[in-house]
Amino acid sequence: MIPAEFDCIVIGAGHAGAEAAHAAAVMGARTALVTLSLKSMAQMSCNPAIGGLAKGQIVREVDALGGLMGRAIDATGIQFRVLNRSKGPAVQSPRAQADKYQYAAWVRQALETTENLTIIEGKARDILVDRDQVTGVTLEDGRTFQSPLVIVTTGTFLRGVMHVGTEQTEGGRIHEPASRSLSDSLTQLGLTMGRLKTGTPPRLDASTVHLDSLEVQHGDPVPVPFSFMNDAIHRPQIPCWMTYTNPRIHDLLRRHLAESPMYSGQIKATGPRYCPSIESKIVRFADKDRHQVYLEPEDEACTTIYCNGISTSFARHVQDQMIALLPGAEQARIVQYAYAIEYDYCSPLQLRRNLETRRISGLFLAGQINGTSGYEEAAGQGLVAGINAARKLQHKDPLILSRSQAYIGVLIDDLLTKEIDEPYRMFTSRAEYRLTLRSDNADQRLTAIGREIGLVRADQWARFQIKVQHMAQLTEYLKSERTGGMSLWDRLRQPQNTLADELVDHPYVKTHHLSSEVCTAVVIEAKYEGYLARQNRLVADFQTLETRLLPQGLEYDSIEHLRSEAREKLSRFRPETLGQAARIGGITPADITVIQVHLKKKRQSS
């Protein structure tokens, strides 16, 4: 029998909801996860892949803190690649294609076997509040569950509308209903809502695509795992394929452009600039006569193909003609037509750094409801929301990851200090300290934090400690061992040296059974020692502003000499630290100085 009371209720079982529910439950909160259907948990509604540029770093951070996503993709991935291998380690990112059905099944099993977690099938209708404090959730079927903590992770379901040509269908994704009442409930609670748009490409029956005629894209010969708990990937790997659009396709789409919901005025919301639809591409890049299309298997048996690169909302008959003109897909059968979807989101300016709303105590938001895109961004937010809900229950300070600690910290800080006018996507260029926020060292940055808050398991902690010991051991050896009057450590720092490539086969490494992961980490530390030292000094300067908390009730209109624009921006964004204030668009260094002088005078007069 399902209990009527919980410590925490999570609404939505996508990538944000899965991480939130798992984290809260593992940390001791009696947690309920409300989902429309057990079959729809952790679905890959769009691209059947995890990771990518900057996103791979987030997955590693989720794993280092004790989350699920890294282990899930390692168990179900069908092609692994490290992107940007030819560039420096700061911008290298792991990415993997997934068997999307196995991925969802893995996450579902992990959640079903998580202690303290109850999964409830149902549709949330209202968030119950008493005196600006969450008290529970009511479902559409009338059931009510009491809880002082609610985490909303509804993805694209809030008043979702799908567009295929002139056809409009209410839904959160294909074959699943939208949620109007929950959106209304959030509005009635005083939260400001907006509209965003995203979309998907068509899926093809793989048996009807001439894959043999296309350019093959294989994964890495030796797949690199996402999770720090795994040494290797032992699953069979399968290829992807590449094809291209052509002038005939572009001419077809231009002829029908006025019928596209994006250009007819049917779609009002803003879509992701960095993941444009094919109709946007032919308009924005009119001089290009072709665009890449990656044909990505959606499952290990390669039964369906995801056409990455041609997201669209054109009518079905236009999609049929487009696919018939696509090289390799001339006889392909579309098994799911592409569609665009508009949905409600909450302005993240209404959040605190712990992802709790300012207006309602105990109400947390995570994922696309905060204006982000991507499974990885959702997972990172869900993890932080789940952790902080549990810590609120424990009467402990929230976990706040700074921009110098994690890409997750960059993500959340950006949401709180920048205007969201399109779905937010993470890039390495958004991180000022990306040399220290690498994918390879996420465990060194975050595992101790995950252990301290009670999310990192004992086996993960023991494995991490061994790695740290081995790194220290190898570093000491390299600094003490000399050849030709130079230490091996200094040799590693020299350009064009071969020791870095040979280190994994060095007799010392073999004798002491040191892993390639340890060797890679130590080589990076040696090669970039000077750069890292310089960045660490910048981080120290950054922390000076980050630790200066601003009074929550600070009246910016009363601060003498503060510019009008600064007063308006600061009153609207309500930054929690001087560092956050400095990153708000339109705020100048002079404004920060004025605030510091004002606060100093107040301290002296009190």
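Residues numbered from 1 in each chain as written. Predicted model: local features only at pLDDT ≥ 70, side-chain atom pairs only at ≥ 80, totals over all residues. Heavy atoms only, no water.

Draft legend 1. Local environment of the overall build of the protein chain. Counting its secondary structure elements, the protein chain contains 21 helices and 23 strands. Against the 2.2 N^0.38 benchmark of 25 Å for 606 residues, the protein chain shows a C-alpha radius of gyration of 25 Å, consistent with a compact globule. Considering only C-alpha atoms, the protein chain reaches an extent of 70 × 70 × 55 Å along its principal axes. Relative to all contacts within the protein chain whose residues are 6 or more apart in sequence, the contacts with residues 24 or more apart total 73%. Per element, the accessible surface of the protein chain, about 25,100 Å² overall, is 51% carbon and sulfur. With 70 positive and 69 negative side-chain charges, the protein chain shows a spacing of 4 Å between the two charge centroids. (Helix = DSSP H or I, 4+ residues; strand = E, 2+ residues; numbered from the N terminus. Rg over C-alpha atoms; globule rule 2.2 N^0.38 Å. Contact = heavy atoms within 4.5 Å. Areas by Shrake-Rupley, 256 points an atom, 1.4 Å probe, with all protein chains shown as cover. Lys, Arg positive; Asp, Glu negative; His and termini not counted. Charge placed at Lys NZ, Arg CZ, Asp CG, Glu CD.)

Draft legend 2. Representation of the sheet that holds strand S3 (residues 49–51). Pairing within the open sheet is antiparallel, and its three strands lie in the order S3-S5-S4. Each end of this open sheet is capped by a strand with a single partner; those strands are S3 and strand S4 (77–83). The average angle at which neighbouring strand axes cross in this sheet is 15°, direction not considered. With three bridges connecting them, S3 and strand S5 (residues 93–98) associate as antiparallel partners. Considered in S5, the bridge of Ala 49 is made with Gln 97. Strands S3 and S5 of the sheet are contacted by helix H2 (residues 55–65), whose axis makes an angle of about 80° with S3. (Pairing = 2+ DSSP bridges. Axes fitted to C-alpha atoms, helices over the stretch in contact; angles between N-to-C directions.)

Draft legend 3. A look at the nonpolar core. Of all hydrophobic cores here, the largest spans 101 residues; its most connected members are Tyr 103 and Leu 363. Ranked by residue count, the leading element in this core is helix H10 (residues 375–393), at nine residues. Not counting residues within four places of it along the chain, the set of residues in contact with Leu 363 comprises Ile 127, Val 134, Val 150, Val 152, Leu 186, Leu 189, Leu 191, Leu 355, Glu 356 and Thr 357. In terms of nonpolar packing, the next biggest core, distinct from the first, is built from 25 residues, Val 209, Leu 252, Ile 282 and Ala 332 among them. (Core = buried A, V, L, I, M, F, W, Y, C linked by side-chain atoms within 4.5 Å. Buried < 20%, exposed > 50% of the residue type's maximum accessible area, 1.4 Å probe, protein only.)

Draft legend 4. Fine view of the side chain of Thr 372. Mapped onto the secondary structure, Thr 372 falls in the loop between strand S21 (363–365) and H10. Note on Thr 372: relative accessible area 0%, which makes it buried. Within polar-contact distance, the side chain of Thr 372 engages the backbone oxygen of Gly 367 at 3.1 Å. Separated by 3.0 Å, the side chains of Thr 372 and Gln 381 make a polar contact. Excluding anything up to four places from it in sequence, Thr 372 contacts Tyr 343, Gly 367, Glu 377, Gln 381, Leu 411, Leu 415 and Tyr 424. (Polar contact = N/O pair within 3.5 Å; in protein donor to acceptor, adjacent residues only side chain to side chain.)

Draft legend 5. Representation of the pattern of salt bridges within the structure. One pass over the full model with this rule turns up 43 salt bridges. The residue Arg 108 makes a salt bridge to Glu 112 at a minimum N-O spacing of 2.9 Å. With a gap of four residues between them, Arg 108 and Glu 112 both fall in helix H4 (residues 100–112), about one helical turn apart. According to the relative accessible area criterion, Arg 108 is partly exposed, its value standing at 27%. Looking at Glu 112, the relative accessible area reads 43%, which means it is partly exposed. Between Arg 131 and Asp 130 there is a salt bridge whose closest N-O contact spans 3.3 Å. (Salt bridge = Lys/Arg side-chain N within 4 Å of Asp/Glu carboxyl O.)

Draft legend 6. Structural detail: the packing of aromatic side chains. Under the defined criterion, the tally for this structure stands at six aromatic pairs. Directly above the aromatic system of Tyr 424 lies the positively charged group of Arg 430, at a separation of 4.3 Å from the ring centroid. A cation over a ring is seen here: Lys 479 above Trp 489, with NZ or CZ 4.8 Å from the ring centre. (Phe/Tyr/Trp six-rings, centres within 6.5 Å; stacked < 30°, edge-to-face > 60°. Lys NZ or Arg CZ within 6 Å of the ring centre and 35° of its normal.)

Draft legend 7. Examining the side chain of Arg 95 more closely. Secondary-structure assignment places Arg 95 in strand S5. A distance of 2.7 Å separates the side chain of Arg 95 from the side chain of Gln 97, its partner in a polar contact. Polar contacts involving the side chain of Arg 95 include one to the side chain of Glu 296, which spans 3.4 Å.

Draft legend 8. Just H4, in detail. Its 13 residues give H4 an end-to-end C-alpha distance of 18 Å, which sits within 8% of 18 Å, the value for a rise of 1.5 Å per residue. Those residues of H4 that fall on the buried side of the exposure criterion are Lys 100, Tyr 103, Ala 104, Val 107, Ala 110 and Leu 111. Relative to the axis of H4, the buried residues are bounded by an arc of 125° and lie together on one face. Looking at the buried residues of H4, the elements they touch are helix H1 (15–26), strand S2 (31–35), S3, helix H3 (69–76), S5 and strand S6 (117–121). Where H4 starts, the residue carrying a side-chain oxygen 3.1 Å from the main-chain nitrogen of Tyr 101 turns out to be Asp 99. (Expected span 1.5 Å × (residues − 1). Arc of directions from axis to C-beta.)

Draft legend 9. View of the packing of helix H12 (residues 442–453) against helix H13 (residues 458–480). Running from amino to carboxyl end, H12 crosses H13 at an angle of 140°, the nearest separation of the two axes being 11 Å. The orientation of H12 relative to H13 falls into the category oblique. Considering the relative orientation of H12 and H13, their crossing is left-handed. Judged by residue contacts, Asp 443, Gln 444, Thr 447, Ala 448 and Arg 451 of H12 engage Ala 458, Trp 461, Phe 464, Lys 467 and Met 471 from H13. Here the contact of H12 with H13 is built from residues that sort into five nonpolar, two polar and three charged. (Parallel < 35°, antiparallel > 145°, perpendicular 65-115°, else oblique. Left-handed = near helix turned anticlockwise from the far one by under 90°. Nonpolar A, V, L, I, M, F, W, Y, C, P; charged D, E, K, R; others polar.)

Draft legend 10. Representation of unusual backbone geometry. In this structure, Ala 42 is a non-glycine residue whose phi angle is positive, near 55°. Relative to the helices and strands, Ala 42 resides in the loop between S2 and S3. Ala 42 gets classed as buried once you look at its relative accessible area, which sits at 1%. The backbone phi angle of Asp 132 is positive, close to 60°, even though this residue is not glycine. Within the fold, Asp 132 resides in the loop between strand S7 (124–130) and strand S8 (133–139). Owing to a relative accessible area of 48%, Asp 132 belongs among the partly exposed residues under this scheme.

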